[in-house]
Amino acid sequence: MKARHITPEQARSRLVAPEDMVSCNLAFIDCKLPGSHLKQNYSFIGPGVTQSSAQVVNIPEPHGFNIGAAAMPKGVTNNLHLHFTAEVFLIHEGTWRFRWGANGENEAEFSAPAILSIPTWIFRGFTNVSKEETCGMVYTVLGGNNTGGIIWHPSILNAASEYGLYLSKENMLIDVNVGDTLPEPAGLLAPLPPEEIAALRHYSVDEMRQRAVTGEDRRWSAAGLLDSVLPGHGGEIAPVIGFGISQDKHAGPSIVNPHGFSVEWLRLKSDHVVGRHLCPDVQVIMVFKGTLEVTWNLEGEEVSIIAPERSVISVPENSWRRYRALDGDMECILTTQGDQRKRVYWDETILEQARAANRCLDPDGYVTAVDLLPETAKRAGMRLEVMP
């Protein structure tokens, strides 16, 4: 496995800072419905499920998942629809009421910071019900490079037609108000039949709450990374969905069904670092609190970017990187491709310093005390430290 070198131009191109984000208010068929017309939709990574050719995608490179966001003022609604691949909501600001079921009959509220995974093939919608009047922000992760689009509830398709909006069989928006040609009925996307809606799986409120991890639910681990024991390091991991990069043998995610990606929290105290390491899988970082510095490369010129709150950073597979919290404590979310447990390789300096602090990896790749292991186990653990 050859490490990937990152140039200054490549580093900047992989940062989506707040000023780089381009919204689209015509991304979906409900964009003109009263109570929904103030939605602003973003596609940061991958095409997502936008139904508009005008949607700007910051980083179209395939990641195995898509990252987007919705910015919605208080009282604004995203209407009932369903997805074929995993959809995870990362609530950055405000309080949101989620609805689901055949007609949105079930509901629950979640406030920032919270992560909610809604199952495939059920209708869902959400509304900003924050006390504050400011615009709230929800990030989304959608599984797969091609999500297959979405299916809107028949009531939404019917309501949209009154405003001259339709969907083609290719799931793209047709707006007769701007001169789009309305095809014959056979060329339009047909509503989901009532009997198929009735056959969709039912999820109770209790079942859905089990698919949410609120800020208070996070189980932080100070032993989630090998270098955490070192002075000036101390990164903490809180797994949420699937098996990410945590190296704590006692830690486990709250949600384990396959998504095609893992999701976990990472936090650092001000001016602390996660030492130089490499992950063979592509990752995306979303900064939810504070400012993060990402520095790339092991050999040659180091290249850094500064990512303020709300930023999205795409970290290529097989690239050496180091993280540092700037100007205060930092919290971010790591999304990593794949359902498998992820491997992390540390540079030799980190490994030596960790061993001097009586820390190493056991034969299964988990952090343990060096003096607990027989020599055979030490050698097996050391083999895991070496990049193939």
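Residues numbered from 1 in each chain as written. Predicted model: local features only at pLDDT ≥ 70, side-chain atom pairs only at ≥ 80, totals over all residues. Heavy atoms only, no water.

The name given to the protein in an unreviewed UniProt entry is Cupin, and the organism recorded there is Leclercia tamurae.

1. Description of the packing of aromatic side chains
Rule in force here: Geometry of aromatic contacts follows a simple scheme: Phe, Tyr and Trp rings, the Trp one being its six-membered ring, pair when their centres are within 6.5 Å, and the pair is stacked under 30 degrees between planes, edge-to-face over 60, tilted otherwise. Comment: elements are numbered from the N terminus, with helices defined as DSSP H or I runs of at least four residues and strands as E runs of at least two. To sort residues, take the accessible area from a 1.4 Å probe on protein chains only and compare it with the maximum for the residue type: under 20% means buried, over 50% means exposed, and anything in between is partly exposed.
Enumeration according to the criterion identifies twelve aromatic pairs in this entry. Relative to Phe-288, the ring of Trp-265 has its centre 5.6 Å away and its plane inclined at 85°; by these criteria the two rings are edge-to-face. Note that Trp-265 is positioned in strand S17 (residues 261-268) and Phe-288 in strand S19 (residues 283-296), a separation of 23 residues in sequence. When sorted by exposure, Trp-265 lands in the same class as Phe-288, which is buried. One aromatic cluster is present, built from ring pairs that chain together Tyr-42, Phe-44, Tyr-139, Trp-265 and Phe-288.

2. Some points on the pattern of salt bridges
Convention followed: One speaks of a salt bridge when a side-chain nitrogen belonging to Lys or Arg is within 4 Å of a carboxyl oxygen belonging to Asp or Glu.
Following the criterion strictly, the structure yields 22 salt bridges and no others. The partner of Arg-14 in a salt bridge is Glu-61, and the shortest N-O contact between them spans 3.2 Å. Taken together, the residues span a long stretch of sequence, with Arg-14 in the loop between helix H1 (8-13) and strand S1 (15-16) and Glu-61 in the loop between strand S3 (57-59) and strand S4 (65-72) at a distance of 47 residues. Residue Arg-14 is classed as buried on the basis of its relative accessible area of 6%.

3. Things to note about the sheet that holds strand S12 (residues 150-152)
Operational definition: Between any two strands, pairing holds if DSSP finds at least two bridges. Structural elements are reduced to axes, namely lines fitted to C-alpha atoms, with helices fitted over the stretch in contact, and the angle between N-to-C directions of any two is expressed from 0 to 180 degrees.
If you walk across this open sheet you meet the five strands as S8-S7-S10-S5-S12, and the pairing is antiparallel. Whereas interior strands pair on both sides, the edge strands pair on one side only; in this sheet they are strand S8 (106-111) and S12. Pairs of neighbouring strands in the sheet enclose a mean axial angle of 30°, with direction left out of account. Relative to S8, strand S7 (residues 95-100) runs antiparallel, the two being bridged by six bridges. Paired with Thr-95 across the two strands is Ser-111, which belongs to S8.

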